[in-house]
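Listed here are the chains, written in short residue letters.
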Amino acid sequence: MQVLTSSARETIESNGRGDAAQRWATIATATAAIAFGISRRSVPGLCLAAAATPLAYRGVTGEWPRLANGRADDTRAALGGKAGVLVHEAMRVEKPLDEVYAFWRRFENLPQFMTYLETVTDLGNGRSHWVARGPAGALVEWDAEIVNEVVNKVIGWRSLPDSDIVTAGSVNFTPVRNGRSTQVAVRLQYAPPAGRAGSWLATVFGREPNQTIREDLRHVKQILEAGEIPRATAEIV
Amino acid sequence: MKAVCYHGKEDIRVDTVPDPTILNPRDAIVKVTATAICGSDLHIYGGYIPTMEKGDVLGHEFMGEVVEVGRDNHKLKVGDRVVVPFTIACGHCYFCKEQMWSLCDNSNPNAWMAEKLYGFSGSGLFGYSHMYGGYPGGQAEFARVPFADVGPLKVPDSLTDEQVLFLSDIFPTGYMAAENCQIKPGDTVAVWGCGPVGQFAIQSAFLLGAERVIAIDRFADRLDLAASGGRATALNYADVDIPEALRDLTGGQGPDACIDAVGLESHGTTLDAWYDRAKASMYLATDRPHALRQAIGCCRKGGTVSIPGVYGGWLDKFPLGAAFAKGLTLKMGQTHMHKYMPLLLDRIERGEIDPSFIITHRVTLDDAPDMYKTFREKADDCLKVVMKPGTHH
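Rules behind the numbers
Residues numbered from 1 in each chain as written. Chains lettered and ligands numbered in written order. Predicted model: local features only at pLDDT ≥ 70, side-chain atom pairs only at ≥ 80, totals over all residues. Axes fitted to C-alpha atoms, helices over the stretch in contact; angles between N-to-C directions. Helix = DSSP H or I, 4+ residues; strand = E, 2+ residues; numbered from the N terminus. Left-handed = near helix turned anticlockwise from the far one by under 90°. Contact = placed C-beta atoms within 7 Å. Buried ≥ 20, exposed ≤ 12 C-beta atoms within 10 Å, placed from the backbone. Arc of directions from axis to C-beta. Nonpolar A, V, L, I, M, F, W, Y, C, P; charged D, E, K, R; others polar. Pairing = 2+ DSSP bridges. Domains from an automatic or database assignment. Core = buried A, V, L, I, M, F, W, Y, C linked by C-beta atoms within 7 Å. Parallel < 35°, antiparallel > 145°, perpendicular 65-115°, else oblique.

## A short note on the packing of helix α8 (residues 242-249) of chain B against helix α10 (residues 290-298) of chain B
Residues and elements named next belong to chain B.
Consideration 1: It is at 10 Å that the axes of α8 and α10 come closest, and there the two elements cross at 35°. Pair α8 / α10 crosses with right-handed handedness. Across from Ile242, Pro243 and Leu246 in α8, the residues of α10 making contact are Gln294, Gly297 and Cys298.

## Regarding helix α3 (residues 111-118) of chain B
Consideration 1: Listing the buried residues of α3 of chain B in full gives Ala111, Met113 and Ala114 of chain B. Viewed end-on, α3 of chain B has its buried residues packed into an arc of 155°, placing them on one side of the element.
Consideration 2: On its buried side, α3 of chain B packs onto α8 (209-226) of chain A.
Consideration 3: Backbone geometry just downstream of α3 of chain B places glycine 119 of chain B in the positive-phi region, at approximately 95°.

## Brief notes about the interface of chain A and chain B
Consideration 1: Each partner contributes residues to the interface: chain A has 15 residues there, and chain B has 23 residues.
Consideration 2: For the side of chain A that touches chain B, the element with the highest residue contribution is α8 of chain A, accounting for 6 residues.
Consideration 3: Split into classes, the residues belonging to the side of chain A that touches chain B amount to 5 nonpolar, 4 polar and 6 charged.

## Re the sheet that holds strand β11 (residues 212-217) of chain B
All names here are of chain B.
Consideration 1: Taken in spatial order, the 6 strands line up as β12-β11-β10-β13-β14-β15 in an open sheet, and their pairing is parallel. Single-partner strands in this sheet number two, and they are β12 (233-236) and β15 (329-332). Pairs of neighbouring strands in the sheet enclose a mean axial angle of 20°, with direction left out of account.
Consideration 2: Relative to β15, strand β14 (residues 304-307) is paired through 4 bridges, and the arrangement is parallel. Counted as the bridge partner of valine 305 is leucine 330 from β15.

## A closer look at the domain arrangement of chain B
All names here are of chain B.
Consideration 1: If you check the domain split of chain B, you get domain 1 (2-169 + 335-387) and domain 2 (173-332).
Consideration 2: Once you take the C-alpha centre of each, domain 1 and domain 2 turn out to be 26 Å apart.
Consideration 3: Listed per partner, the contact involves 19 residues of domain 1 and 17 residues of domain 2.
Consideration 4: At the level of elements, α1 (39-45) and α12 (337-349) are the ones that each hand at least two residues to the side of domain 1 that touches domain 2.
Consideration 5: Ranked by residue count, the leading element in the side of domain 1 that touches domain 2 is α1, at 3 residues.
Consideration 6: In the side of domain 1 that touches domain 2, the residues fall into 8 nonpolar, 6 polar and 5 charged.

## What to know about the nonpolar core
Consideration 1: Ranked by internal contacts, the top residues of the largest apolar core, which has 119 residues, are Val30, Val189, Val191, Ala201, Ala215 and Ile259 of chain B.
Consideration 2: Among the elements that line this core, the one with the most residues is strand β3 (residues 28-37) of chain B, at 7 residues.
Consideration 3: Residues within four places of valine 30 of chain B in sequence aside, it is in contact with Gly64, Glu65, Val66, Val67, Val82, Val84, Phe142, Ala143 and Val145 of chain B.
Consideration 4: Listed in part, the 25 residues of the second largest apolar core include Met114, Ala144, Ile165 and Phe173 of chain A.

## Looking at α10 of chain B
Consideration 1: Buried residues dominate α10 of chain B, accounting for 8 of its 9 residues.
Consideration 2: All of the buried residues in α10 of chain B are His290, Ala291, Leu292, Arg293, Gln294, Ala295, Ile296 and Cys298 of chain B.

## Some details on the packing of helix α5 (residues 170-179) of chain B against helix α6 (residues 196-207) of chain B
Residue and element names in this part refer to chain B.
Consideration 1: Axis separation between α5 and α6 bottoms out at 7 Å; the angle between their running directions is 50°. Classified by the interaxial angle, the pair formed by α5 and α6 is oblique. Once α5 is placed against α6, the crossing between them reads as right-handed. Between α5 and α6, the contacting residues are Ile170, Phe171, Thr173, Gly174, Tyr175, Ala177 and Ala178 on the first element and Pro196, Val197, Gln199, Phe200, Ala201, Gln203, Ser204 and Ala205 on the second.

## What to know about the environment of lysine 378 of chain B
Residues and elements named next belong to chain B.
Consideration 1: Secondary-structure assignment places lysine 378 in the loop between α13 (368-376) and β17 (385-387).
Consideration 2: When the 16 C-beta atoms within 10 Å are taken as the criterion, lysine 378 is described as partly exposed.
Consideration 3: Each C-alpha atom, one on lysine 378 and one on threonine 304, is 29 Å from the other, the two residues being 74 residues apart in sequence.

## Some remarks on unusual backbone geometry
All names here are of chain B.
Consideration 1: With phi around 70°, glutamine 99 is a residue other than glycine that occupies positive phi space.
Consideration 2: With respect to the helices and strands, glutamine 99 occurs in the loop between α2 (94-97) and α3.
Consideration 3: In this structure, aspartate 380 takes a positive phi of about 55° despite not being glycine.
Consideration 4: Structurally, the position occupied by aspartate 380 is in the loop between α13 and β17.

Here it is as structure tokens:
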């Protein structure tokens, strides 16, 4: 993942060189995670294995893999590479563009459909504070800023330095069927911070990241179209 | 409350489970006054339906009295007498708006499971596996009905439960199967399977203007009912060669439309049927499509094969070449219940049909385990079992 702001990169670099014992512990942890992930023979398992691979690299080399050829403090260059985790999903909503856009742009609405979010607080000036809770109950917090917004078209954001996670993403809104429906397309990139690879995946993306985004989008569609998220039991799936 | 629960292949039990509660704003809770065992419940009973779990409440044909409504449900009132469609639909997505209610986008909480298997998910269903939502079914004293402001159909007191209960599935299912045949005056329609859906398909084909309906089965009681009540020409495939008989009856042309009201557990006496049984028994195939193969083989050129019978997986030796060579139209899928229920209620009210003609067994919920077995074995001339939860022996 490439959205390494300069301060996040510094954090990673400064943590990057441990002593031999720490390095072997890192290798052992990564190997176990990769083996367990592969043994699951499932997509989430493979994601875990994939997520642990940079950890193994760090254990062997003492450094995190270099994620981009460009300068590390250049977010745009960092975003352009092939490494890291990129998730993209799209969903069609049977509602006009402005309604869908307005619902999404009101960040306080997000926990309604991103069920792992506790709160999203709009801090003004395009900045927001996010709190997520995972199955283990651990809280992950980060601040984000809008880096691109065209009303009724696109919202782009990235996390700010000193966040628990490093992420950037965008959501595009496209009217179709003579404006009767709206296509919502999400692209999300993220990098687990040093030492938190597994916990972040387990906390925020309790399952396959693509599937999580897909369920989020499905919830948006269900709320806007049907007025409620369907459930067969008290919990929302 | 008392509920009929799945415990494994051929293991159905009456359990005591918690009463359902309102979970969503558009919900309603219905006190079930009548519920039936569907032929497709037998696919669950036989272990053919994946993602069933121990303790799942069965049943998707039910009706009753509304006892509670959610805060956003402005359509139903406590005390309303309703029939509940077996498909759950939100009423506002693209598919609902286009009258493809059984393909609703928003009613299956486990849509991802069906997406893994089929690419996309249909609507949620009552009591029909977790892949279809994991909704507790209606073979119980109470049932929670999601999106109850668009699904349940209010029925007049002038009609009995037995007259309207089958609006919950099999009458609309048989009717849509016939409507899918695009029947023109003078047409001949052949129907494989004279179970409840087949019987309603036969009746519906006549209602829609078929000149002749040919009923195919091997059980005398079912063929008799199709012939007497349904005015159909009966063919027993244990006695006659079906393709030859159909050619004879249609002057060598073949039926204009063929309906497969059998589905994935088809039984047959020809070589391919034994091949299917052998393969399915070794888990090399999931479905046994003997009736469907024969329907495709017998249908006239340019005709329609309509499939209300349920299929779940992969078909072996599917004669697509014959379907292509003859330019057939194949129509299938779960019934778009919400579209058909009001117009079929009108037909019942006008006296054009009394759906209660198929009922052979009237029992209590406690009898469910025995009745699943009886129905599956087609013992005791069993055609349709209706259970009345409020009653006792």
